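Below are the chains, spelled out letter by letter.
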Amino acid sequence: MTQMRATQILLICGSLRKGSSNRATLDTAVSVAPLGVMASAYDVMDCLPHFNPDLDGPPLPEPVRELRMAIESAHAVLFCTPEYAGALPGSLKNLLDWTVGGVEISAKPCGWINISTMPGGAAGAHAELATVLRYTDARLVEPACVHVPVGRGEIGPDGLITTPQTREALTAVLTALAEAAAAR
Ligand SMILES: Cc1cc2nc3c(=O)[nH]c(=O)nc-3n(C[C@H](O)[C@H](O)[C@H](O)COP(=O)(O)O)c2cc1C
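Residues numbered from 1 in each chain as written. Predicted model: local features only at pLDDT ≥ 70, side-chain atom pairs only at ≥ 80, totals over all residues. Heavy atoms only, no water.

A. Fine view of the pairing of strand 3 (residues 76-80). The buried fraction of strand 3 amounts to five of the five residues, a majority that puts the element mostly inside the structure. Taking every second residue as pointing to the same face, both faces of strand 3 are buried, with Ala-76, Leu-78 and Cys-80 on one and Val-77 and Phe-79 on the other. As paired elements, strand 1 (residues 7-13) and strand 3 share five bridges and run parallel to each other. Counterpart to Leu-10 in the pairing with strand 3 is Val-77. Relative to strand 4 (residues 109-114), strand 3 is paired through three bridges, and the arrangement is parallel. Its bridge partner lying in strand 4, Phe-79 is registered against Trp-112. (Buried < 20%, exposed > 50% of the residue type's maximum accessible area, 1.4 Å probe, protein only. Helix = DSSP H or I, 4+ residues; strand = E, 2+ residues; numbered from the N terminus. Pairing = 2+ DSSP bridges.)

B. Spatial organisation of the pairing of strand 1. The buried fraction of strand 1 amounts to six of the seven residues, a majority that puts the element mostly inside the structure. As paired elements, strand 1 and strand 2 (residues 37-42) share six bridges and run parallel to each other. Its bridge partner being in strand 2, Thr-7 is matched across the sheet by Val-37. Between the parallel pair strand 1 and strand 2, the chain is carried across by helix 1 (residues 21-31), and the sense of this crossover is right-handed. (Right-handed = clockwise from strand over helix to strand, strands pointing away.)

C. Main features of helix 4 (residues 123-135). Here helix 4 contains 13 residues, and its C-alpha end-to-end distance of 18 Å stays within 8% of the 18 Å for a straight helix at 1.5 Å per residue. Residues of helix 4 that are buried: Ala-125, His-126, Leu-129, Ala-130, Val-132 and Leu-133. In this structure, the buried side of helix 4 is in contact with strand 3, helix 3 (90-100), strand 4 and strand 5 (139-147). Asp-137 occupies a position one or two residues after helix 4 and carries a positive phi of about 75°. (Expected span 1.5 Å × (residues − 1). Contact = heavy atoms within 4.5 Å.)

Okay, structure coming up:
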């Protein structure tokens, strides 16, 4: 009997904050992944050193090696990030800078969920995310780059989003990424 291998989707959160809404969104994505999709969080962004080309191996700093391995072993990557001062959080930009020296993200299907409820819609952060991902040669999957506002009141006591439409939108994003990965 042939066993189908699950599509692995790596989830990267741009917020390090305890109680982060972006983290809650990705935790919810884990719980609503469609059949055949395994979504798992990269949650050690705060262990990465500041990007420095002099440290870009060999040997690589261990947290950087682990980041690149996590990206390499995933079929697709999904980001969820807040906007800080009109741009990406520095910690996420730092993570992305570490991907530039590797080839792991090249051609990999990528998407994002923008959960901003602010009038500006975190447009600056997501424009910057698009620029950097294109620079790394990642493949941006259009139906997996969505704006789904998530208010704090939509997050239940278990830390997961309760709104059915939002949960459905997360499943749709994961499905779009899995389809893009299968088509590679
Ligand atoms: C230092 C700082 C700067 C911020 N700058 C922006 C901004 O430029 N645009 C915006 O929409 N929100 C901004 N915010 C609000 C955060 O994006 C918002 O609180 C978001 O929900 C935080 O995400 P998290 O809950 O996942 O940590 C800023 C927050 C902080 C702490």
